[in-house]
Amino acid sequence: VSTYNYKHSTSDKKCFGLIAQNVNEYFPEIVSSFLDKDGTQKMGISYAKTGVLAIKAIQEQQEIIESLEKRIARLEKMLLEKNTVRQ
């Protein structure tokens, strides 16, 4: 996510969003290219599809979290067992 001002904006109000060129590197299926009225190539993002990507990322992170929680529990158990044996 980036903050920016539109080139032709007269307002100092910052906008935020995704930069299509950056998103295109990872998710080209949600980026489209088009020519503006001056014939300049522009890129746009289908923001409607970004929610699905966010949900998938959250699911993947949850799997990692659960795996790490199990690992921490095993390590804590091992540490507790070692400390109990030493005492």
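Summarised in this report is the structure supplied together with it.

The rules behind each value
Residues numbered from 1 in each chain as written. Predicted model: local features only at pLDDT ≥ 70, side-chain atom pairs only at ≥ 80, totals over all residues. Heavy atoms only, no water. Core = buried A, V, L, I, M, F, W, Y, C linked by side-chain atoms within 4.5 Å. Buried < 20%, exposed > 50% of the residue type's maximum accessible area, 1.4 Å probe, protein only. Contact = heavy atoms within 4.5 Å. Salt bridge = Lys/Arg side-chain N within 4 Å of Asp/Glu carboxyl O. Helix = DSSP H or I, 4+ residues; strand = E, 2+ residues; numbered from the N terminus. Pairing = 2+ DSSP bridges. 1 Å grid on protein atoms, 1.4 Å probe; cavity = no way out; pocket = protein on both sides within 12 Å on 5 of 7 lines; lining within 4 Å. Points joined across faces, edges and corners; volume = space filled by probe spheres on them. Nonpolar A, V, L, I, M, F, W, Y, C, P; charged D, E, K, R; others polar.

## Points about the nonpolar core
Most often, soluble globular proteins keep nonpolar side chains buried together rather than apart. Formed by Ala20, Val23, Ile30, Val31 and Ile45, the largest nonpolar core amounts to five residues. Filtering out sequence-adjacent residues up to four positions away, Ile45 remains in contact with Leu18, Ile19, Ala20, Val23, Ile30, Val31 and Thr50.

## As for the pattern of salt bridges
Applying the stated criterion across every chain yields a total of two salt bridges. Note that Asp36 is salt-bridged to Lys42, the shortest N-O span being 4.0 Å. The salt bridge partner of Glu60 is Lys56, with a shortest N-O separation of 4.0 Å. Of this pair, Glu60 and Lys56 are both found in helix H2 (residues 50–86), four residues apart, which corresponds to roughly one turn of the helix. Look at Lys56 and you get partly exposed, because its relative accessible area is 45%.

## With respect to the pairing of strand E4 (residues 41–45)
Bridge count for strand E3 (residues 31–35) against E4 is five bridges, and the pairing is antiparallel. Bridging from a neighbouring strand, Ser33 pairs with Met43 of E4.

## Section: the layout of surface pockets
Looking at the largest pocket, its volume works out to about 630 Å³. Around the largest pocket sit 16 residues that line it, and Tyr4, Tyr6, Lys7, Lys42 and Met43 are the ones nearest its centre. If you list the elements that add at least two residues to the lining of the largest pocket, you get helix H1 (20–26) and E4. Top contributing element to the lining of the largest pocket by residue count: E4, with four residues. Classifying every residue of the lining of the largest pocket gives nine nonpolar, four polar and three charged.

## Observations regarding the environment of Lys14
Relative to the helices and strands, Lys14 resides in the loop between strand E1 (2–4) and strand E2 (15–17). When the C-alpha atoms of Lys14 and Ser67 are compared, they prove to be 39 Å apart, with 53 residues separating the residues in sequence. When near neighbours in sequence (up to four residues on either side) are disregarded, Lys14 contacts Tyr4 and Asn5.

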